[in-house]
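Chain by chain, the residues run as shown.
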Amino acid sequence: MRNLSLIDGVCVSLPSIENTKHISLDFDSGDIYLATKTNAICVDGMKLEVKQTVSLLDDNTLAPDGYIVAIQHVPDQMSLCIATNLGDIVMWSPTLNQLETIGTINNGISAMCWSPDQELVVMTTMTNTLLMMTHDLDPITELPMHPDEFGEAAFVNVGWGKKETQFHGSEGKQAATQSKIVTSSTVSGKDDLIPRISWRGDGQYFVINSINPQTGSRVLRVWTRECQLYSTSESASGIEWATSWKPSGGLVAVIQKGPTACTVSFIEKNGLYHGSFNLPANKDQILVKDLTWNTDSSLLAVWIDHLADDNDPQHMLSTVQVWCINNYHWYLKQNLEFWQGDNSVACLCWDLENPYRLHIVCSNGEYTCYSWTWRTDRSWGHTPEDLAIVAVIDGRKLLLTPFRTMVVPPPMAAYQITCDSPINQVAFGPPGQDNDFVVFTSNGQMECYSLNGEGGCHPGSPLCKPACVKRIPKENLKSKSPLVYYHVTWIHKDCFLAVTVDGTVSHSSIWQLSIIKTNIEAKILHKMEGHVKGICVSPTSGKIYIQTNDGSLSCILPSDLENILPHRGLKGQQVKFPQPCSQMDVCSFGQLEAVLGLTDKYRFYINDIEVANNCTSFCIHDDYLLLTTHSHTCRCVSRDILLEDITQLTESTTSSLDESVRRVERGSRIVTCVSNDNKLVLQMPRGNLETIHPRSLILSAVKRHLDKFEYKESFILMKKHRLNMNLLYDHNSEQFLSFVTQFVLEIDDINHLNLFMTNLREEDVTKTVYGFAYPERANNSKISIIPTSDKTMIKKVDLICNQLKDVFVTLDANKYLLPILTAYVRKTNPELDNALHLIKQLKTTDRSLSEEALKYLLFLVDVNELYDVALGTYDFELVILVAQKSQKDPKEYLPFLNQLKKLETDYQRFSIDKHLKRYSKALGHIKNCGAEHHVECLNFVKEHSLFSEALGTFSLSHALYKDLALAYGDYLSDKHHHEEAGMMYEKAESYSQALQCYKKSLNWKQAFTVSAKMDMMVKNVLDLASEMSAKLKDNRMHLEAATVLQEYADDKEEALVTLIEGHHWEESIRLMYKHNRTDFIESHLKSSLLEAHSEHLEFIETNRQTFDKYCNRLSVVREEKERKLQAELIASELGADRPDGDLFSDTSSATGETGSVYTTTSSASTSRSKTSGKSSKNRRKLEKKKWSLKEGSKHENLALIEALSKLITHIFSIQDEVGSLLKVLVMFDHLNEAVTLQTCYDDMLRHVNAAIPQIWNESMGRSMTQPKTLEFGPTTTANSLAQSMQNSRKTEDMALLEPYLCIPPVVGNKKWKLQILQQP
């Protein structure tokens, strides 16, 4: 639904190029080569002035009866190839101004055409022969131009069916016996009988349109690059000479005059016809001189001469029509009229570099160049009254669709207006006149249309066809060249700005057009340096922004149109687009206005900032700037962002929860967006429309409604588009709680209120799911907990349910009964008992309402759960009420209930709680059941392990207390909690069992305390001391063992030996001197000191070697993993660049791998069967050893980190032991040994500390902060998920480590060194 908008035009008069017949372009320099019958001319493409002119009559290069039939610029020779009718091939070098005849065709030349790659040239002669030559004009082949055969693509009859057996429709069976009469007609009298040659864009085929000598009519023959005949067109009458092969397709466009109309027909490569469209003119009054495709095959230019009734050449109208196709419909987008007889079109061609630039040369020497771009002509759309009208030009018709009220796919439209002549441009009105527009027709007429004019209707109507309110006669706008005004911009009522096609290259003029009744007053406002590339108007400030061809931006204030000012940026600099933009608009970001620009190369700018380099279209919404990109996404950029914070959009700036990015169909472009709505209309490449509702626009509308307390509109919008209902509260929680009554009254629908409450979650969606729409809120909390007046904390769901329940009860408890029940059920701890009591109360007043409520409650809650809740209320009437509405069999529950009714109250409630597995409450009830139930109570406590609750429930004097303590002790002993079991045995006064437990737990102090309580004999105490000391020594508790031997066994010698064995040097020396046993120094102490010294040195050396080995191996493993990761990333990038990447489903494997579903299922089941077959011992062994230190194992790096952590902890753990040993060595004059030990151990600690930063580097630190799981959201696809997995590959291994292994071990730097041993 786009139109061709003229962005630049130039028209100059060059008398030297009058009567031009041929045109060719120099791609490199932009120079234009023209040819008359005998002259060749070179025009400077930049200055638009004649550089060189040469006459072929000079030096007898061309005979007097000769003339030029074709020209072609040859870039690598920097020359112009000229072919004459006499057969001469002349090369002209404008630089040297030399003519050289390089060959002659004896039979003369009728046509010449070079291949697109300039490697081959095809010529036809006056004797109907075909010549193919090389780039150097060396002959390749010569063939007759009219062979008798059809060609390589001749159709093959495989004999399927006979003519007599075929169905002939209304013609009847007699048609089977009638022979088909083929009629052919000769060419028209205006045919020049000259062949036409046209190449396909890839240079593999060319077509020749020539006169068939047998029939006298024109026929098309397709030839291959090897000059082999491929096909011949079907016999048809009315074919004319104009022919052009579509560069990027298999169709040849040709003119054909039928009985009723003149058509542009399309012929396939195999010679069959493939559609056509009619030219909008009387076939007898037009003569199609030429047609040509632009380089990207999107536009077809048709050159037509219209014959006047009196056949006077002065009254002849020459037009150039520009056509395009979309959705299988051909649109006439531009109609250029050259109405003077001496100003008719002489030749034309499309530019080789810019596919939307057309060069036209007139017979009077006037050169015109037009540059168009695609633009969607739509109403400004910044007010609620705007209907979001989009206008599509189709010849004399303007197709209009108001997208606010309907979506009508092209080529249809809601309504259309028809003008007297084809329309070339349309402009919509300023704010306040959004639905008004003005059209400029090809004959120079201007027409204004309004919805509120005579014959119009109110803008709110579904179909509002505008009425023409003003028509400016063409005499007031008439000019020598068509498209006299372009960049027409409606700035305010009856006032327009426009740019004129000027006669200079370096300047252009901005005109002010003022409509006064049916006349127009035009005056020049400004003479601009350079050509104006675009004009746009701010809908808020009314400022007019102007862009020149170098990208510079200027502005005009609406209050002072006479002065033009440079557009200034944030720092006061003049804003200039880095590249000239073919489309521009203006909108505000924050409080500042910025100019938007989009180039033909898809670069999008905001002022001088490049925001995107793959933008295909853009549109301005109330709160967002909408973009579509070549990555098939729609981006929504918030207009609340400050201008200085705008940066370039990249695909990596999105997150899985960023709903400002939406995937769209490949090639989608924005048609329009509707103001104060969330509708965005896209057009697909084939032409059909698609309406989407981007999540950002929906959220914007919801926020706007919520700020205005329009809860009903917000709810309906959220329900329709499946938004999270929590946003109604999270948008402004204080506001919601203050206006909760208004919320209920506006919604006023029981189902909607229930829907809202059932969707409540303990999550602030403005910080999670919709965080992109609330950037000011930090994403630091997902659970909403609200402080209350009594300093308690209440959760969000509970607070909302309580508030709503109170409002429901206040307004009408019966009307809002179901929402009240929902409020009870949806609380964090559902109050099902309160809901059931409410239903029970209703049963006495309104039985039908209570039954309905119970049915609804059963819908919300599982019937078995509700039955248990009812039973837990101990109200049998309520239980039966629930059971009757369930599917339960009365034979199942009635006997059970009858049995319960017979029991005593406390025991009844105990039985109910036991049945409901509420064991703590059951214990409280059985406590009051009397002594006859004590055994059952004790067994109940044992069965359900309620020892702690039971001991807290029963007093010390209760008969069951000691039994409970004894049972608890047995339970703890079985669980190997021996020390705690001993405490329980002590409470039960079972001292012998307590002693055994204390012995097992090595609590020697409590063991001897219990032995005292038992009045144990002295011999037994000695035996106990001997047994405890042995156990303590076995567990390396030598100091405690020595204490037991000294105090309870009175064995001082054994105590000293134990201390020496445990390396408690100083304590052993103290006891030696205390008990006067210094003989132990020579007999035991000194030898043990030297032995300990050797052991420590060996320990240091061994652990240092192990430490270095692990560190070196860890570096190697990490390098290998990094190299492998880089290789995977390179492979994934190469896979993403595949041209057919979008052909694969988004539901493919996220890691880029595919596999069979059956294989996966089979593997999973096999894995489960193997796992289940493992013994418990093997499973524990497997869990203990998650990874291996074996080289090349999967998680070798993790095993190395774990081993290094343990090794470092072990190395630092002996600081106190080494320090104590150093003191004693010095005490006994082993200074050398002490120095050696201190030096070695200090070096070891320094070496370990230096290596710790390399072991636990920055990547391991990041693994602690990055999420361990992938996040999913509405915009997540398989491709984005795969990319996310690739980015997190570096930290996924670290996630397997325990958290304490992700940081260096915490080691204390204790004071262990002796200053006296420090080396200088």
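For clarity, every value in this text was computed on a predicted model and none was experimentally measured. (Residues numbered from 1 in each chain as written. Predicted model: local features only at pLDDT ≥ 70, side-chain atom pairs only at ≥ 80, totals over all residues. Heavy atoms only, no water.)

## Quick look at the overall build of the chain
Next, step 1: Helices and strands together make up the secondary structure of the chain, namely 34 helices and 57 strands.
Next, step 2: With 1320 residues in all, the chain has 48% of them scored as buried. (Helix = DSSP H or I, 4+ residues; strand = E, 2+ residues; numbered from the N terminus. Buried < 20%, exposed > 50% of the residue type's maximum accessible area, 1.4 Å probe, protein only.)

## Considerations on the pairing of strand β40 (residues 519–529)
Next, step 1: Where strand β39 (residues 507–516) and β40 come together, 10 bridges link them in antiparallel fashion. Counterpart to tryptophan 511 in the pairing with β40 is isoleucine 524.
Next, step 2: The hairpin turn running from β39 into β40, its antiparallel successor, is 2 residues long, and lysine 517 in that turn takes a positive phi close to 60°. (Pairing = 2+ DSSP bridges.)

## Some remarks on the sheet that holds strand β7 (residues 79–84)
Next, step 1: If you trace the 4 strands from one edge of the open sheet to the other, you get β6-β7-β8-β9, paired in antiparallel fashion. Two strands bound the open sheet, and with one partner strand each, they are β6 (68–74) and β9 (98–104). On average, adjacent strands in this sheet sit at an angle of 25° to one another, irrespective of strand direction.
Next, step 2: As paired elements, β7 and strand β8 (residues 88–93) share 4 bridges and run antiparallel to each other. In the strand pairing of β8, leucine 80 is matched with tryptophan 92. (Axes fitted to C-alpha atoms, helices over the stretch in contact; angles between N-to-C directions.)

## Some remarks on the nonpolar core
Next, step 1: Counting 71 residues, the largest nonpolar core has Phe743, Phe756, Leu804 and Leu866 as its most contacted members.
Next, step 2: The contacts of phenylalanine 743, once residues within four sequence positions are left out, are Tyr711, Leu728, Phe736, Leu753, Phe756 and Leu804.
Next, step 3: Among the nonpolar cores identified, the runner-up in size contains 59 residues, and Ile1060, Trp1065, Leu1222 and Leu1297 belong to it. (Core = buried A, V, L, I, M, F, W, Y, C linked by side-chain atoms within 4.5 Å. Contact = heavy atoms within 4.5 Å.)

## Focus on the pairing of strand β12 (residues 129–134)
Next, step 1: In terms of burial, β12 is largely enclosed, as 5 of its 6 residues are buried.
Next, step 2: As paired strands, strand β11 (residues 120–125) and β12 are joined by 5 bridges and run antiparallel to one another. Following the sheet pairing, leucine 120 is matched in β12 by threonine 134.
Next, step 3: Hairpin connection of β11 to β12: 3 residues between the antiparallel strands, including asparagine 128 at a positive phi of 60°.

## Quick look at a negative patch on the surface
Next, step 1: Residues Asp76, Glu119, Asp136 and Asp138 make up a contiguous surface patch of negative charge.
Next, step 2: Along the chain, the position of aspartate 136 falls in the loop between β12 and β13 (139–144).
Next, step 3: For aspartate 136, a relative accessible area of 52% puts it in the exposed group. (Patch = residues over 30% accessible without salt bridge, like charges linked within 9 Å, V, L, I, M, F, W, Y side chains within 5 Å. Areas by Shrake-Rupley, 256 points an atom, 1.4 Å probe, with all protein chains shown as cover. Salt bridge = Lys/Arg side-chain N within 4 Å of Asp/Glu carboxyl O. Lys, Arg positive; Asp, Glu negative; His and termini not counted. Charge placed at Lys NZ, Arg CZ, Asp CG, Glu CD.)

## Observations regarding the packing of helix α5 (residues 740–747) against helix α6 (residues 750–758)
Next, step 1: Running from amino to carboxyl end, α5 crosses α6 at an angle of 130°, the nearest separation of the two axes being 8 Å. The orientation of α5 relative to α6 falls into the category oblique. In this structure, α5 uses Phe743, Val744 and Ile747 to contact α6, whose residues at the interface are His752, Leu753 and Phe756.
Next, step 2: When grouped by side-chain class, the residues that make up the contact of α5 with α6 number 5 nonpolar, 1 polar and no charged. (Parallel < 35°, antiparallel > 145°, perpendicular 65-115°, else oblique. Nonpolar A, V, L, I, M, F, W, Y, C, P; charged D, E, K, R; others polar.)

## What to know about helix α21 (residues 1004–1013)
Next, step 1: Here α21 has its buried residues at Trp1004, Ala1007, Phe1008, Val1010 and Ser1011. All buried residues of α21 lie within an arc of 160° about the axis, which places them on one face of the element. Those residues of α21 that are exposed and angled more than 90 degrees off the buried face are Lys1005 and Ala1012.
Next, step 2: Residues of α21 that are buried in the fold lie against α19 (978–987), α20 (991–1000), α22 (1018–1034) and α23 (1038–1047). (Arc of directions from axis to C-beta.)

## Looking at the pattern of salt bridges
Next, step 1: A full pass over the atoms with the stated rule returns 37 salt bridges.
Next, step 2: Note that lysine 962 is salt-bridged to glutamate 989, the shortest N-O span being 3.2 Å. Of the two residues, lysine 962 sits in helix α18 (residues 961–974) while glutamate 989 sits in the loop between α19 and α20, which places them 27 residues apart along the sequence.
Next, step 3: Classification of glutamate 989 by relative accessible area gives partly exposed; the value is 48%.
Next, step 4: In this structure, a network of salt bridges that share partners links the residues Asp191, Asp192, Arg196 and Arg218.

## Remarks on the sheet that holds strand β53 (residues 669–673)
Next, step 1: Spatial strand order, β53-β54-β55: 3 strands in an open sheet with antiparallel pairing. Lying at the two open borders of the sheet, with one neighbouring strand each, are β53 and β55 (689–692). Each strand of the sheet is rotated relative to its neighbour by a mean of 30°, with strand direction disregarded.
Next, step 2: By the bridge criterion, 4 bridges tie strand β54 (residues 680–683) to β55 in an arrangement that is antiparallel.

## So, the packing of aromatic side chains
Ring pairs (aromatic) are described by centroid distance and by the angle formed between their planes.
Next, step 1: Under the definition given, this model contains 36 aromatic pairs.
Next, step 2: Between phenylalanine 266 and phenylalanine 277, the ring centres sit 6.1 Å apart and the planes meet at 35°, which makes this aromatic pair tilted. Pair noted here: phenylalanine 266 is in strand β20 (residues 262–268) and phenylalanine 277 is in strand β21 (residues 273–278), with a separation of 11 residues, a long-range link.
Next, step 3: Using a relative accessible area of 8% as the deciding quantity, one classes phenylalanine 277 as buried. (Phe/Tyr/Trp six-rings, centres within 6.5 Å; stacked < 30°, edge-to-face > 60°.)

## Some thoughts on the environment of leucine 842
Next, step 1: By the secondary structure assignment, leucine 842 is in helix α9 (residues 832–845).
Next, step 2: A relative accessible area of 9% means that leucine 842 is categorised as buried.
Next, step 3: Spatially, the C-alpha atoms of leucine 842 and alanine 853 are 9.1 Å apart, while their sequence positions differ by 11 residues.
Next, step 4: With residues up to four places along the chain from it excluded, the contact list for leucine 842 reads Asn814, Leu817, Arg847, Leu849 and Ser850.

## Let's talk about the side chain of lysine 999
Next, step 1: As for its position among the elements, lysine 999 is in helix α20.
Next, step 2: Every residue in contact with lysine 999, bar those within four places of it in the chain, is listed here: Leu1024, Glu1027, Met1028 and Lys1031.

## Here we look at unusual backbone geometry
Next, step 1: Each neighbour pair has its own omega, and for proline 410 with proline 411 the value is 5°, a cis peptide bond.
Next, step 2: Residue placement: proline 411 occurs in the loop between β31 (397–402) and β32 (415–418).
Next, step 3: In the Ramachandran plot, asparagine 327 falls in the positive-phi region, its phi being about 55° despite a non-glycine side chain.
Next, step 4: Turning to its location among the elements, asparagine 327 is positioned in the loop between β24 (317–326) and β25 (329–338).
Next, step 5: On the basis of relative accessibility, which here comes to 22%, the residue asparagine 327 falls in the partly exposed class.

## As for the state of the cysteines
Next, step 1: Scanning the entire structure with this criterion turns up 0 disulfides.
Next, step 2: Cysteine cysteine 536 shares no disulfide, and the gap to the nearest cysteine sulfur, in cysteine 587, comes to 10.0 Å. (Disulfide = S-S within 2.5 Å.)

## Quick look at the confidence of the model for the chain
Caution applies to low-pLDDT regions: their predicted coordinates should not be interpreted in detail.
Next, step 1: Of the residues in the chain, 85% have a pLDDT of 70 or more, and the chain-wide mean is 83.
Next, step 2: Taking the mean pLDDT of every element in the chain, the minimum, 38, falls on helix α27 (residues 1157–1173) and the maximum, 96, on strand β14 (residues 196–199).
Next, step 3: Predicted confidence for residues 788–792 stays below pLDDT 50, and this span has 3 contacts to residues more than four positions away or in other chains. (pLDDT = per-residue confidence, 0-100.)

## Looking at the environment of valine 941
Next, step 1: The topology assignment puts valine 941 in helix α16 (residues 934–944).
Next, step 2: A relative accessible area of 0% places valine 941 in the buried class.
Next, step 3: Once the C-alpha coordinates of valine 941 and leucine 964 are considered, the two residues, 23 residues apart in sequence, prove to be 8.2 Å apart.
Next, step 4: With sequence-adjacent residues up to four places away left out, valine 941 is seen in contact with Leu923, Leu946, Phe947, Ala950 and Leu964.

## Things to note about helix α7 (residues 796–812)
Next, step 1: The end-to-end C-alpha distance of α7, which contains 17 residues, comes to 24 Å, matching closely the 24 Å that a straight helix rising 1.5 Å per residue would cover.
Next, step 2: Among the residues making up α7, those that are buried are Lys796, Val797, Asp798, Leu799, Ile800, Cys801, Leu804, Lys805, Val807 and Phe808. (Expected span 1.5 Å × (residues − 1).)

## Some points on the side chain of threonine 599
Next, step 1: Inspection of the secondary structure puts threonine 599 in the loop between β46 (592–598) and β47 (604–606).
Next, step 2: Within the local environment of threonine 599, its side chain forms a polar contact with the backbone nitrogen of lysine 601, the two atoms lying 3.2 Å apart.
Next, step 3: The residues touching threonine 599, leaving out its near neighbours within four places in the chain, are Gln579, Pro580, Cys581, Ser582 and Tyr605. (Polar contact = N/O pair within 3.5 Å; in protein donor to acceptor, adjacent residues only side chain to side chain.)

## Comments concerning the environment of leucine 48
Next, step 1: Here leucine 48 lies in the loop between β4 (39–43) and β5 (50–55).
Next, step 2: With relative accessibility at 8%, the residue leucine 48 sits in the buried group.
Next, step 3: For the pair formed by leucine 48 and valine 10, sequence separation is 38 residues and the distance between their alpha carbons is 9.4 Å.
Next, step 4: Contact partners of leucine 48, with chain neighbours within four places excluded, come to Val10, Val12, Leu14, Ile32, Val43, Tyr367 and Val505.

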